[in-house]
Amino acid sequence: MIEVEKKEIKKIKTFLFMTSKGGCGKTLCSCLFADKLLSIGKFVNIVDVDANQVAQKWVNKCKDLGRVVSYPLTLKNSLNPNQNIADIRIVDTPGILGSYLPYLKKNDKDNLFIIIVGRSAESDFEVNEELYKDSDLDGFRDRVYFLVNSYSDSSETQKEYFEKLKKLVSDYDNVSHILSPIKYRWGDSYGYSDFLKGSDKNYFSKDSKNIVAKDLKETMKELLELAGVES
Ligand SMILES: Nc1ncnc2c1ncn2[C@@H]1O[C@H](COP(=O)(O)OP(=O)(O)O)[C@@H](O)[C@H]1O
Ligand SMILES: [Mg+2]
């Protein structure tokens, strides 16, 4: 029985969000993606392995407000046998490079997507370049997708590092592994300032007060495609 369950968990599509450091938007992006999946009727399992527990706090706050955003992977130990179980797993990791390693072993490779969230800047680029070039452990590189966050195409420096990122992945024939970047948006109705505080409404739902920015829509669409889910 346990063996069967283990096998099934390995097959659940897992999106692991990582960076070389904190504050890049991993938690924001992972929870937004969870909300996007929920908005189209999917059930997600959110795993927060960061000691800061920001994603877990989002899960808890939404629950306090009456909205379940994370579902179990199995009904083992569940008090409610009618509960929905998750079809996609999202893992939010701390800003530590090796945090993806256990998941290379825990998952079937085809079901693992490592989303590296970072800014289009020298410091992030250099760390990611080194990691990407040096590490092809267990097919790591083919599992990596880059998500540039807080992007501004009016910044020449950011544009330059975005081009460098494209060049880096094209050296390995992975051009499609750069996701559409997410712009920096704070206090306006497009902004993310309140998102991680939790809400009784899905960010992407029509009755939410937020307007979903065009760039975010595009990124979410691409992530859904990776998940093999129709929006
Ligand atoms: N594109 C963005 N626009 C505006 N604020 C952002 C954006 N990305 C992240 N933030 C904010 O920056 C802070 C750090 O983001 P967070 O997701 O917690 O980073 P990490 O998980 O990588 O440490 C949070 O307050 C988050 O809401
Ligand atoms: Mg975080």
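A quick note: this is a predicted structure, and the numbers were derived from the prediction, not measured. (Residues numbered from 1 in each chain as written. Chains lettered and ligands numbered in written order. Predicted model: local features only at pLDDT ≥ 70, side-chain atom pairs only at ≥ 80, totals over all residues.)

Asker: Can you break down the site of ligand 1 residue by residue, with the values?
Answerer: Not every one of the 18 residues close to ligand 1 is listed here, only the nearest: Gly22, Gly25, Lys26, Thr27 and Leu28. Elements represented by at least two residues in the shell around ligand 1 include exactly helix H2 (26-39) and strand S5 (144-151). For the shell around ligand 1, the leading source of residues is H2, giving three residues. Looking at the shell around ligand 1, its residues break down into eight nonpolar, eight polar and two charged. (Near = placed C-beta within 6 Å. Helix = DSSP H or I, 4+ residues; strand = E, 2+ residues; numbered from the N terminus. Nonpolar A, V, L, I, M, F, W, Y, C, P; charged D, E, K, R; others polar.)

Asker: Describe the packing of helix H5 (residues 122-134) against helix H7 (residues 156-170), and please don't skip the residues or the numbers.
Answerer: Contact pair H5 / H7: the axes reach a minimum separation of 10 Å and the direction vectors enclose 5°. Here H5 is positioned roughly parallel relative to H7, judged by the angle of their axes. Of the residues in H7, those in contact with Glu122, Phe125, Glu129 and Tyr132 of H5 are Tyr161, Lys164, Leu165 and Leu168. (Axes fitted to C-alpha atoms, helices over the stretch in contact; angles between N-to-C directions. Parallel < 35°, antiparallel > 145°, perpendicular 65-115°, else oblique. Contact = placed C-beta atoms within 7 Å.)

Asker: Before we move on, could you go through H5 and cite the residues and values that matter?
Answerer: Taking 1.5 Å as the rise per residue, H5 with 13 residues should run 18 Å; its terminal C-alpha atoms sit 18 Å apart, in good agreement. For H5, the full list of buried residues reads Asp124, Phe125, Asn128 and Tyr132. Burial along H5 is one-sided: seen end-on, the buried residues are contained in an arc of 95°. Turned more than 90 degrees away from the buried face of H5 sit Glu122, Ser123, Glu130, Lys133 and Asp134, all of them exposed. Each element contacted by the buried residues of H5 is listed here: strand S4 (112-118), helix H6 (140-143), S5 and H7. (Expected span 1.5 Å × (residues − 1). Buried ≥ 20, exposed ≤ 12 C-beta atoms within 10 Å, placed from the backbone. Arc of directions from axis to C-beta.)

Asker: Could you give an account of unusual backbone geometry, with specific residues and numbers?
Answerer: If you check the backbone angles, Gln53 has positive phi at about 60° while not being a glycine. Here Gln53 is to be found in the loop between strand S2 (44-48) and helix H3 (54-64). Residues other than glycine seldom take positive phi values, yet Asp173 does so here, at roughly 60°. Relative to the helices and strands, Asp173 is located in the loop between H7 and strand S6 (182-183).

Asker: Before we move on, can you summarise the environment of Ile116 with the specific residues and values?
Answerer: Relative to the helices and strands, Ile116 resides in strand S4. Residue classification places Ile116 among the buried residues on the basis of 26 C-beta atoms within 10 Å. Counting along the chain gives 17 residues from Ile116 to Ser99, while the straight-line C-alpha distance between them is 11 Å.

Asker: Residue-level account of the environment of Ile114, with values.
Answerer: If you trace the backbone, Ile114 turns up in strand S4. Here Ile114 falls in the buried class, since 23 other C-beta atoms lie within 10 Å of it. Residues Ile114 and Glu230, spaced 116 residues apart in sequence, show a C-alpha to C-alpha distance of 20 Å.

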